[in-house]
Amino acid sequence: MIGGDARALGGDASVIERSVTEPERFAVVFDRHASHIHRYLARRVGQQAADDLVGETFLTAFRKRSRYDTSHPDARPWLYGIATNLVGQHRREELRRYRLAQLVGPDRFGADHADRVLAEVTSQSIRALLGDALVGLAPGDRDVLLLIAFEELTYEEVARALDIPVGTVRSRLHRARSQLREALAETEAMGTYEEILSND
Amino acid sequence: MTELELLRELGDGTPLAELADLADARTRLMREISAERAAVTAPRARPSARIRRPRRSRLVAAATVSLAAAAAVVFGMLQSGASHVRSMASDPVGQLPVLARPTAVQVLHRAAFVALASATITPRGDQFVYTRTTQSPGHTIQSWLSVDGTRASRVGPHSMPGCVNGRMSMRLLREDGGKLRYDGPIFTRRCTPQRAYFPDMPTRAAGMLPYLERTQGVRPDDLNDIAKTVGELLDSDYLLPAQQAALYGFLAQTPGITVRRDVTDVAGRPGVGVAWSSGGGQAMLIFDSRTYTYLGMSTRGVGGQRSGTALLTTAIVAAVGQVSGPSATPAPTDGA
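Everything quoted here is computed from the prediction, not taken from an experiment. (Residues numbered from 1 in each chain as written. Chains lettered and ligands numbered in written order. Predicted model: local features only at pLDDT ≥ 70, side-chain atom pairs only at ≥ 80, totals over all residues. Heavy atoms only, no water.)

Caption draft 1: The arrangement of the overall build of chain A in detail. Along the backbone of chain A there are 10 helices and 0 strands. Along its sequence from the N terminus, chain A presents helices and strands in the succession α-α-α-α-α-α-α-α-α-α. Taken across its 200 residues, chain A has 54% of its residues classed as buried. Within chain A, contacts between residues at least 6 apart in sequence are counted, and of these 64% link residues at least 24 apart. Of the accessible surface of chain A, which amounts to about 8,500 Å², a share of 47% is contributed by carbon and sulfur atoms. (Helix = DSSP H or I, 4+ residues; strand = E, 2+ residues; numbered from the N terminus. Buried < 20%, exposed > 50% of the residue type's maximum accessible area, 1.4 Å probe, protein only. Contact = heavy atoms within 4.5 Å. Areas by Shrake-Rupley, 256 points an atom, 1.4 Å probe, with all protein chains shown as cover.)

Put into structure tokens, the structure is as follows:
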């Protein structure tokens, strides 16, 4: 939906609008957002796949730029949507990462401060539980959950990214959180757990 | 602390890359931008659309022909006299006519033939599947996976408790005077045992897809999902020779696979690849070009980056830490 007075458009929208006829301007969009998109991808499918997919995200975005809705000054949710779609094509890699999170290893801790060590140690045990829970979520629920938990998008931004109504974002998040809580509650000695966590 | 905050911690350690680290991706974008600038400035004679013709029908036709040819060879061998049997066992593929440029289907059928020549060993539940693999040159990992999932497994330096009667016990780590100890409070959680050997996996290609759907969650219309699952099973778990052959035969029937000659696995071993499109890149199962033994699965991303597993050794062993076994129960010779 290209239109409107270019001077009135701020941020990414004006850059993208102009890049339709001046393609080289699109590099600005990369420079502004690639690091965050890359980190999101790395969190879901690992560093190596992320290195590949971040390029693919921006190529896709570039090819679709003439369809960018310029009423949105911030292109990042749009880019998250493209990246999430690519994650969907690497489902097995993503699930494998969450399954590997179940493995508990002895060798990740270099902190000297006792508090930090304990926080990291607890975090790694939790990692094992959460990894398992994430595998069990429906893909659409997992997408919503991780955009909010990992990337701290608002409901509106998630709705835009995934092209779904805000109501659907809420219901998917609610379902995902319930499943997570259920998985965590499955553990006995949860009381002790919460004691440790509340000391952070 | 809410479960959302706990989840956030899971992703917190991931570093934010500098733009310099993303130079490859940026270059790819700039190349595309340049290409479009050139197209925009140069007048186009006529707008053209790239039409992708579906290639499925051609591949299925080719597969049918090769299947018949390979079957003829295999049946010919099996019907020949007993004198061939001993030499077949020591060098099964040596009895087959040499194929200079096998198709993907031919590679898979030969791999199945070779797999069937191996002795069938049936692991016991209390044993472990030992694998030694490489994921990048010079970096090998050893793993011990509990055959029935009830014993603690080890993958490299990491361990995972077994699942007994539907519950898994884990101890929180505890810090004590600078040392980390695995004697914090115990917590248990519900689990299903993660097997490394599947007695109910079909030994024929027919029925393999429903089985993979049901037990591995593959999407039946997604070749990448199917083929990667097969690769993961081959790379990590123990399969009976007949199960391995059945997986190869099943893949051979699946449209969309192609052959890639003169490839190397991630350990640098040369071979021939059975490949398919994966995301924007390609993945493949690699086989030794002469013996058709399985070497490992490898993926090439859109940017050309390679990753994967090279399978160096597999064995059934009695305990974590052992690298060769007391033999598992040999299967009764009933013509497997």
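The rest of the description comes next.
Caption draft 2: Inspection of the domain arrangement of chain A at higher detail. Residue and element names in this part refer to chain A. When the domains of chain A are assigned, the result is domain 1 (1–98) and domain 2 (104–200). Taken together, the contact pairs 16 residues of domain 1 with 15 residues of domain 2. For the pair domain 1 and domain 2, the summed buried area comes to about 1,400 Å², and 61% of that belongs to carbon and sulfur atoms. On the domain 1 side of the contact with domain 2, P77, Y80 and Y98 bury the most area, a combined 38% of that side's loss. Connecting domain 1 to domain 2 are 3 salt bridges. A salt bridge links R43 to E151; its shortest N-O distance comes to 2.9 Å. For the interface between domain 1 and domain 2, the tally reads 7 residue pairs in polar contact (both at pLDDT 80 or more). When residues of the side of domain 1 that touches domain 2 are traced back to their parent elements, those giving at least two are α2 (27–45), α4 (76–88) and α5 (91–100). The class makeup of the residues in the side of domain 1 that touches domain 2 is 7 nonpolar, 4 polar and 5 charged. (Domains from an automatic or database assignment. Buried area = accessible area lost by both parts, 1.4 Å probe. Salt bridge = Lys/Arg side-chain N within 4 Å of Asp/Glu carboxyl O. Polar contact = N/O pair within 3.5 Å; in protein donor to acceptor, adjacent residues only side chain to side chain. Nonpolar A, V, L, I, M, F, W, Y, C, P; charged D, E, K, R; others polar.)

Caption draft 3: Fine view of the nonpolar core. Core analysis: the largest hydrophobic core is formed by 69 residues, its most contacted members being F26, F58, W78 and L145 of chain A together with L7 of chain B. In this structure, V107, A227, L233 and M297 of chain B belong to the second largest nonpolar core, which totals 43 residues. (Core = buried A, V, L, I, M, F, W, Y, C linked by side-chain atoms within 4.5 Å.)

Caption draft 4: Representation of the sheet that holds strand β3 (residues 139–146) of chain B in the model. Residue and element names in this part refer to chain B. Across the sheet, 5 strands lie side by side as β5-β4-β3-β2-β15; this open sheet has antiparallel pairing. Of all the strands in the sheet, the pair left with one neighbour each is β5 (158–160) and β15 (310–317). The mean angle between the axes of side-by-side strands here comes to 20 degrees, regardless of whether they run parallel or antiparallel. Bridge count between β3 and strand β4 (residues 153–155): 2 bridges; the pairing is antiparallel. Pairing of S143 across the sheet is with V155, part of β4. (Pairing = 2+ DSSP bridges. Axes fitted to C-alpha atoms, helices over the stretch in contact; angles between N-to-C directions.)

Caption draft 5: Representation of the sheet that holds strand β10 (residues 258–264) of chain B within the structure. All names here are of chain B. Within the open sheet, the 5 strands sit side by side as β10-β11-β12-β13-β14. Their pairing is antiparallel. Because the sheet does not close on itself, it has two edges, and the strands there are β10 and β14 (306–308). Mean inter-strand twist for the sheet, computed between neighbouring axes without regard to direction, equals 35 degrees. Judged from the 6 bridges that link them, strand β12 (residues 281–287) and strand β13 (residues 294–300) form a sheet pairing that is antiparallel. Residue Q282 lies in a different strand from β13, and its bridge partner there is R300. Across the face of the sheet, helix α7 (residues 223–236) comes into contact with β11 (270–278), β12 and β13 while running at roughly 140 degrees to β13.

Caption draft 6: Here's a closer look at the packing of α5 of chain A against α7 of chain B. Contact geometry for α5 of chain A and α7 of chain B: axes closest at 10 Å, N-to-C directions at 40 degrees. Taken together, the axes of α5 of chain A and α7 of chain B lie oblique to each other. For the pair α5 of chain A and α7 of chain B, the contacting residues are R91, R92, E93 and R96 of chain A in the first and D225, K228, T229 and E232 of chain B in the second. Along the lines of polarity and charge, the residues of the contact of α5 of chain A with α7 of chain B split into no nonpolar, 1 polar and 7 charged. (Parallel < 35°, antiparallel > 145°, perpendicular 65-115°, else oblique.)

Caption draft 7: Up close: the state of the cysteines. All names here are of chain B. Scanning the entire structure with this criterion turns up 1 disulfide over all chains. Through a disulfide, C163 is tied to C191; the S-S separation comes to 2.0 Å. Taking the torsion about the sulfur-sulfur bond, which here is approximately 95 degrees, the covalent link between C163 and C191 counts as right-handed. One end of the pair, C163, is in the loop between β5 and β6 (167–171); the other, C191, is in the loop between β9 (186–190) and α6 (208–216), with 28 residues separating them in the sequence. (Disulfide = S-S within 2.5 Å.)

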